Amino acid sequence: MSDAFADPDVIRRLLNESGTWAFVGLGDNPAREVHNQARLLQQRGKRIIPVHPAAREVLGERSYASLAEIPDAGSVDVVGVYRRAEHAGAVVDEAIAAGAKAVWLPLQVIDEAAARRARDAGLDVVMDRCPAVEWALRR
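These remarks concern the structure in this document. These numbers were taken from a predicted model, which means no experiment stands behind them. Numbering of residues starts from 1 in every chain and runs along the sequence as written. Since the coordinates come from a predicted model, pLDDT governs what is reported: local features require at least 70, and pairs of side-chain atoms require 80 or more to be given and counted, while whole-chain, interface and lining totals use all residues. In computing side-chain values, all of the structure's heavy atoms are included and hydrogens and water are not.

1. Some remarks on the pattern of salt bridges
Part 1: Any Lys or Arg side-chain nitrogen located within 4 Å of an Asp or Glu carboxyl oxygen qualifies as a salt bridge. Using the criterion set out here, one finds 8 salt bridges in the structure.
Part 2: Residues Arg116 and Glu112 are paired through a salt bridge, measuring 3.8 Å at the closest nitrogen-oxygen approach. Placement of the pair is Arg116 and Glu112 together in helix H4 (residues 112-120), with a separation of 4 residues, close to one helical turn.
Part 3: Here the term buried applies to any residue with accessible area under 20% of the maximum for its type, exposed to any over 50%, and partly exposed to those in between, with areas from a 1.4 Å probe on protein chains only. Residue class for Arg116 comes out partly exposed when judged on its relative accessible area of 43%.
Part 4: According to the relative accessible area criterion, Glu112 is partly exposed, its value standing at 27%.
Part 5: The network of salt bridges with shared partners includes Asp3, Arg129 and Glu134. Only DSSP runs of H or I reaching four residues or more are called helices, and only runs of E reaching two or more are called strands; each is numbered from the N terminus.

2. Thoughts on H4
Part 1: Residues of H4 that are buried include every one of Ala114, Ala115 and Ala118, and no others. For H4, the arc enclosing every buried residue in end-on projection is 100 degrees, short of the 170-degree limit, so these residues lie on one face.
Part 2: Of the surrounding elements, those touching the buried residues of H4 are helix H3 (85-98), strand E6 (102-105) and strand E7 (124-127).
Part 3: The N-cap residue of H4 is Asp111: its side-chain oxygen and the backbone nitrogen of Ala113 are 3.3 Å apart.
Part 4: Positive backbone phi, at 95 degrees, marks Gly122, one or two positions downstream of H4. Throughout, the arc means that of the directions going from the helix axis to the C-beta atoms. Every residue pair with non-hydrogen atoms within 4.5 Å of one another is taken to be in contact. What qualifies as a polar contact is a pair of N or O atoms within 3.5 Å, subject to a donor-acceptor requirement within protein and to the restriction that residues adjacent in sequence count only when both atoms come from side chains.

3. Brief notes about the layout of surface pockets
Part 1: Considering only enclosed or pocket space, the largest pocket measures out at about 550 Å³ in volume.
Part 2: Grid points spaced at 1 Å over the protein atoms alone were grouped into cavities, where a 1.4 Å probe fits but cannot get out, and pockets, open sets with protein on both sides within 12 Å along at least five of seven lines, with lining residues defined by an atom within 4 Å of a point. Looking at the largest pocket, it is lined by 28 residues, and the ones nearest its centre are Val24, Gly25, Arg32, Tyr82 and Arg83.
Part 3: Every element with two or more residues in the lining of the largest pocket is listed here: helix H2 (33-43) and H3.
Part 4: A per-element tally of the lining of the largest pocket places H3 first, with 4 residues.
Part 5: By residue class, the composition of the lining of the largest pocket is 14 nonpolar, 8 polar and 6 charged. Grid points are joined across faces, edges and corners, and a volume is the space filled by probe spheres set on the points. Gly is put with the polar residues, along with every residue not named as nonpolar or charged; the nonpolar set is Ala, Val, Leu, Ile, Met, Phe, Trp, Tyr, Cys and Pro, and the charged set is Asp, Glu, Lys and Arg.

4. Describing the sheet that holds strand E1 (residues 20-24)
Part 1: Pairing between two strands is assigned when DSSP locates at least 2 bridges connecting them. The 5 strands are arranged E2-E1-E5-E6-E7 in an open sheet whose pairing can be described as parallel. Every interior strand has two partners, whereas the edge strands, strand E2 (47-51) and E7, have only one. Strand-to-strand twist of the sheet, defined as the mean angle between neighbouring strand axes without regard to direction, takes the value 20 degrees.
Part 2: Two elements, E6 and E7, share 4 bridges in a ladder whose sense is parallel. Simply put, an axis is a line fit to the C-alpha atoms, just over the touching stretch for a helix, and the angle between two N-to-C directions goes from 0 to 180 degrees.

5. Some details on the pairing of strand E5 (residues 78-81)
Part 1: What you see with E5 is no split at all: Val78 and Gly80 on one side and Val79 and Val81 on the other are buried throughout.
Part 2: Here E1 runs beside E5; their pairing, made up of 4 bridges, is parallel. Its bridge partner lying in E5, Trp21 is registered against Val78.
Part 3: Inspection of the sheet shows E5 paired to E6 by 2 bridges, in the parallel sense. In the strand pairing of E6, Val79 is matched with Val103.
Part 4: Once the chain exits E5 it traverses H3 before rejoining the sheet at E6, and the crossover so formed is right-handed. A clockwise path from the first strand over the helix to the second, with the strands pointing away from the viewer, defines a right-handed crossover.

So this is what it looks like as structure tokens:
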């Protein structure tokens, strides 16, 4: 994979200027990496919205079964796609339909076709990057 979806300016903007992150795959299991990433961004002032069909509340925030169920989903700045790569495309398509502004596919979640669809739809895209690592690199 090229760095086509790892633009430092986009990464910096998403980390610094975004307010609301929806984390698809964020359930109530604190041992999962998505839990760590959501907690980190929450501690840095981001509003997090858990998206998981089995969770009711995570990190003190109400959880939704899908992006489509989030009231005013268009106010979501970034959708973190914490699903296996084979499911990432469907989540990206849901983010586009919901009116999200950006998608972030973390390390080893790579779907270049989905990333291109998101970019073509006007969303910012970051792929195969860790928010915590990128945050640390910019501090």
